[in-house]
Amino acid sequence: MKNLSSLWNWGKNKSESSNYKIEEIKENTSTDVLEKVLDYFIHNQSVLLTRLQEDKTNESLKREMLRITEEQFTLHNIEKNKIPEYVKSFERYIWGYYVLDELINDKNISDIKCYDFNHIRVKTLGKRSGTSVKFQSREEYKRFVSMVAVKNQVNISTLNAMQTFTDAESSP
């Protein structure tokens with residue numbers, strides 16, 4: 001079982017709203033749209049994410065999630081023929097561990113510590129070292145941490161800015 005540790009400071013001025021809404025936008029980059037749809041699921045569909053994590057074989061839940069995903073991409077004016085490509089990226093993020101997948105799949109790595117979006121350390125064959133793996137931005141990192149926390153049912157409130165949690169399924 002790999003130990004995925006995450007340390008972060010959300011910032012005292014950052015307001016978190018349970019009524020988070022996605023705003024429709026006219027022009028989007030693929031990254032912008034994916035980020036907005038992921039934010040939608042983290043803030044508005046966390047119950048569905050949790051239920052799906054608890055019962056990964058439930059095809060009905062998976063279909064519902066993918067239906068909502070396609071709907072969200074449509075709301076962001078993504079061309080109909082490009083939606084499957086966006087959905088595939090979304091699935092990789094939701095059911096995988098995004099940029100950490102290569103580290104998690106490395107049999108020689110036993111621990112992964114994410115200190116910041118560009119500061120990830122690993123324990124390889126008992127020796128700690130840095131990696132070249134990083135998230136594109138601090139916002140992308142925070143979104144990833146939120147997604148993993150929702151999937152693993154971990155509370156990441158600002159009252160306890162340092163959290164350590166283990167993904168029970170990343171390494172049988």
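This report concerns the structure included in the present document. (Residues numbered from 1 in each chain as written. Predicted model: local features only at pLDDT ≥ 70, side-chain atom pairs only at ≥ 80, totals over all residues. Heavy atoms only, no water.)

### So, the overall build of the chain
Note the following rule: For the purposes of this entry, the term helix denotes a DSSP run of H or I that reaches at least four residues, the term strand denotes a run of E that reaches at least two, and both are numbered from the N terminus. Exposure is judged per residue with a 1.4 Å probe applied to protein chains only, and the accessible area is read against the type maximum: over 50% gives exposed, under 20% gives buried, and values in between give partly exposed. Contacts between residues were defined by any pair of non-hydrogen atoms, one from each residue, lying within 4.5 Å. Areas reported as accessible are Shrake-Rupley estimates using a 1.4 Å probe. Residue values count occlusion only from the protein chains shown.
When you go through the chain residue by residue, the secondary structure sums to 6 helices and 5 strands. When the 172 residues of the chain are sorted by exposure, 40% land in the buried category. Within the chain, contacts between residues separated by at least 24 positions form 61% of all contacts whose residues are at least 6 apart in sequence. Surface exposure of the chain reaches about 10,400 Å², of which carbon and sulfur atoms provide 46%.

### Brief notes about the pairing of strand β2 (residues 109-116)
Short version of the rule: Only strands joined by at least two bridges in the DSSP assignment are considered to pair.
As paired elements, β2 and strand β3 (residues 119-124) share 6 bridges and run antiparallel to each other. Bridge pairing in β3 links C114 to I120. The hairpin turn running from β2 into β3, its antiparallel successor, is 2 residues long.

### Topic: empty space enclosed by the protein
The cut-off we apply is this: In this analysis, the protein atoms alone were mapped onto a 1 Å grid. Cavities are point sets where a 1.4 Å probe fits without being able to get out; pockets are open sets with protein on both sides within 12 Å along at least five of seven lines; lining residues have an atom within 4 Å of a point. Grid points are joined across faces, edges and corners, and a volume is the space filled by probe spheres set on the points. Residue type decides the class: Asp, Glu, Lys and Arg count as charged, Ala, Val, Leu, Ile, Met, Phe, Trp, Tyr, Cys and Pro as nonpolar, and the leftover types, Gly among them, as polar.
Under the criterion given, the structure shown has 2 cavities of 30 Å³ or more. The computed volume of the second largest cavity comes to approximately 30 Å³. Residue lining of the second largest cavity: L49, L52, Q53, I94, W95 and K151, and that is the complete set. Where the lining of the second largest cavity is concerned, the elements lending two or more residues are α2 (46-54) and α4 (83-95). Looking at which element gives the most residues to the lining of the second largest cavity, the answer is α2, with 3 residues. When grouped by side-chain class, the residues that make up the lining of the second largest cavity number 4 nonpolar, 1 polar and 1 charged.

### Overview of the pairing of β3
Note: β3 against strand β4 (residues 127-130), 4 bridges, orientation antiparallel. Across the sheet, R121 pairs through a bridge with G130, a residue of β4. Linking two consecutive strands that pair antiparallel, namely β3 and β4, is a turn of 2 residues; a positive phi of about 50° is found at L125 within it.

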